[in-house]
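# Notes for the structure review
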Amino acid sequence: MTRSVLLVDPIGDRRVRLATRLQEFGHAIVGSTSEEEEAIRLATATSPDVTIMPAALGLRGKGGLPGRLCSAHRVPSVVIAEEGSAVPDEAVADTPGVMGVMTESIDAGTLSAILEVAVRRFRDLHALQGEVEQLRQTLEARKVIERAKGFLMEAGRLTEREAYARMRRKSM
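Let us look at the structure shown here. Predicted, not measured: the structure shown is a model, and the values here were computed from it. Within any chain, residue numbers begin from 1 and follow the written order of that chain's sequence. Residues qualify for local features only when their pLDDT is at least 70, as the model is predicted, and side-chain atom pairs are given and counted only at 80 or more; totals for whole chains, interfaces and linings, by contrast, use all residues. Note that water and hydrogens are dropped before the side-chain values are worked out from all heavy atoms of the structure.

## Section: unusual backbone geometry
- In this model, R74 sits at a positive phi of 55°, which is unusual for a non-glycine residue.
- Its place among the elements puts R74 in the loop between helix 4 (65-73) and strand 4 (77-81). Strands here are runs of E lasting at least two residues and helices are runs of H or I lasting at least four, both read from the DSSP assignment and numbered beginning at the N terminus.

Laid out in structure tokens, this is it:
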């Protein structure tokens, strides 16, 4: 599947090489920059499916670029690990918005698969967060109903069923 990609990398020639490879495999480069603030502006203007950036930019904890792109623009990030260096698992796990890790020498097919998984898992995560919020609101409403029912049962000396029936009649 074709994805729109925002590239953020201070190393210009690596950014160009990666853009060329992505385009050869059918992906659209919607923005390319070396600056974090420009990346935020481009994300606002272009709404990319995914952002790719080096681990040095991406793994800075909650206030880093992936976290900002995730919370403000709902864009997942894939970070580029330097060849031969290990990216700490904790750093990846603790960075909001990072959905994948790759190396620059990755083949185009694997890169496309990583992008697809990152985008889909990110969307799944946001859908689940929405469901959790909806369930939280439902639970809060249910608590209010239970308190009101308890008050009616005590004040009116009603059974639980009678109190609930009275609340239903009044609400219609």
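## Some thoughts on the nonpolar core
- Here, the term nonpolar core denotes a set of buried Ala, Val, Leu, Ile, Met, Phe, Trp, Tyr and Cys residues that are joined through side-chain atoms within 4.5 Å. Relative accessibility under 20% of the residue-type maximum defines a buried residue, over 50% an exposed one, and the middle range a partly exposed one, all with a 1.4 Å probe and only protein chains included. Ranked by size, the top nonpolar core spans 16 residues in total, and within it L18, L22, I52, V78, M102, L111 and L115 carry the most contacts.
- Counting 14 residues, the second-largest nonpolar core is a separate cluster that includes L42, A43, L69 and V98.

## So, the sheet that holds strand 4
- Taken in spatial order, the five strands line up as 2-1-3-4-5 in an open sheet, and their pairing is parallel. Only two strands of the sheet have a single partner each, and these edge strands are strand 2 (28-33) and strand 5 (98-103). For this sheet, the mean angle separating the axes of adjacent strands, direction not counted, is 25°.
- Pairing of strand 4 with strand 5 involves five bridges; the strand directions are parallel. Across the sheet, residue V79 finds its bridge partner in strand 5, namely V101.
- Where helix 2 (residues 36-46) meets the sheet, it contacts strand 1 (4-8) and strand 2, and its direction lies at approximately 155° from that of strand 2.
- Relative to strand 5, helix 6 (residues 108-155) is tilted by about 170°, and along the sheet it contacts strand 1, strand 3 (50-54), strand 4 and strand 5. When DSSP finds two or more bridges between a pair of strands, those strands are recorded as paired. Axis angles are defined between N-to-C directions and span 0 to 180 degrees, where every axis is a line fitted to C-alpha atoms and, for a helix, only to the segment in contact. Only heavy atoms matter for contacts: two residues are in contact if any of them lie within 4.5 Å across the pair.

Bear in mind that shape data such as this cannot, by itself, settle questions of function.
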